[in-house]
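# Remarks on the overall topology
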Amino acid sequence: MKKYLKTGITALLAVALIVGFYYYMMHREAKTAEDDVEITQLHQVLSKQLDTAYPPTPREVIKFYNRIIECAYGGDYDSEQFEKLTAQARKLMDEELLQENPIDTYKSAFIKEITSYEDDSRKILQTGVCNSDEVRFREIEGAKCAYVQATYFMKEGKSDFSKTYQSYLLRQDKDKKWKILSYHLLDAAEVEE
């Protein structure tokens, strides 16, 4: 009798398992192609609404600008996306810098620099921004300004690596948004100071 009871329970569990698996397979949600889409950095940069979600600090402005640079020099975009990348970059710039660099001049210089990187087989591997406590704040001609240093680690050719440093000067506009006023390359001696 115990033998029949054990066999009956085992059979009942097996049937329950099969019915459960069948129910699961029939009622699970089907995956769509959209479920497998990975949101790329390019998509994140292009979809950022700078009008409503502007970076709050000078450091965050440069971090976002670096993401734009990484996308632009990465080269995996079409002409419409390039237009949007340049538009995003220009939203981070001070009016004075925008006046000195009209849109067509800015785009052609940007394309020329990207092409130069490609011709030299140069690739930006990593970008960095100084720590918050290293941001230097100054008042210049009555305006709040901040100096932020960025680092760019690059690979050139197959085995050469280099690191460049850039200093950004940002100025707070009338809406209290930090905008890039100017930037210049630093040499190693300036960085250590």
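What you see is a predicted model; the values in this text were computed from it and never measured.

## Examining the packing of aromatic side chains
- Under the counting rule described, the total for this entry stands at nine aromatic pairs.
- Relative to Phe110, the ring of Phe82 lies with its centre 5.8 Å away and its plane at 35°, an arrangement referred to as tilted. Taken together, the residues span a long stretch of sequence, with Phe82 in helix α4 (residues 79-91) and Phe110 in helix α6 (residues 103-119) at a distance of 28 residues.
- Given a relative accessible area of 8%, Phe82 falls into the buried group.
- The exposure class of Phe110 is buried, given its relative accessible area of 8%.
- For the ring pair Phe153 and Phe161, a centre distance of 5.8 Å and an interplane angle of 5° mean the geometry is stacked.
- Residue Phe153 is classed as partly exposed on the basis of its relative accessible area of 30%.
- Lying over the aromatic face of Phe64, Lys48 brings its terminal NZ or CZ to 5.8 Å of the ring centre.
- The ring centre of Tyr117 lies 4.4 Å from the NZ or CZ of Arg122, which sits over that ring.

## What about helix α3 (residues 58-74)?
- For α3, which comprises 17 residues, the first-to-last C-alpha distance of 24 Å matches the rise-based estimate of 24 Å (1.5 Å per residue) to within 8%.
- Counting buried residues along α3, twelve of its 17 residues qualify, which places the element largely inside the surrounding structure.
- Taken together, the buried positions of α3 are Pro58, Arg59, Val61, Ile62, Phe64, Tyr65, Asn66, Ile68, Ile69, Cys71, Ala72 and Tyr73.
- In the segment just after α3, Gly75 is the residue with positive phi, at about 75°.

## Regarding the pairing of strand β3 (residues 143-156)
- Here seven bridges tie strand β1 (residues 122-129) to β3, and the two strands are oriented antiparallel to one another. From the neighbouring strand, Lys123 faces β3, where its bridge partner is Lys155.
- Pairing between strand β2 (residues 136-140) and β3: five bridges, direction antiparallel. Within β3, the residue paired with Phe137 across the bridge is Ala146.
- Turn length for the β2-β3 hairpin, with the two strands adjacent in sequence and antiparallel, is two residues, and the turn residue Glu141 shows positive phi of about 50°.
- Sheet analysis places β3 next to strand β4 (residues 160-172), joined by twelve bridges and oriented antiparallel. Opposite Tyr147, over in β4, you have Leu169 as the bridge partner.

Conventions adopted
- Residues numbered from 1 in each chain as written.
- Predicted model: local features only at pLDDT ≥ 70, side-chain atom pairs only at ≥ 80, totals over all residues.
- Heavy atoms only, no water.
- Phe/Tyr/Trp six-rings, centres within 6.5 Å; stacked < 30°, edge-to-face > 60°.
- Helix = DSSP H or I, 4+ residues; strand = E, 2+ residues; numbered from the N terminus.
- Buried < 20%, exposed > 50% of the residue type's maximum accessible area, 1.4 Å probe, protein only.
- Lys NZ or Arg CZ within 6 Å of the ring centre and 35° of its normal.
- Expected span 1.5 Å × (residues − 1).
- Pairing = 2+ DSSP bridges.

Honestly, it's all geometry; don't read function into it.
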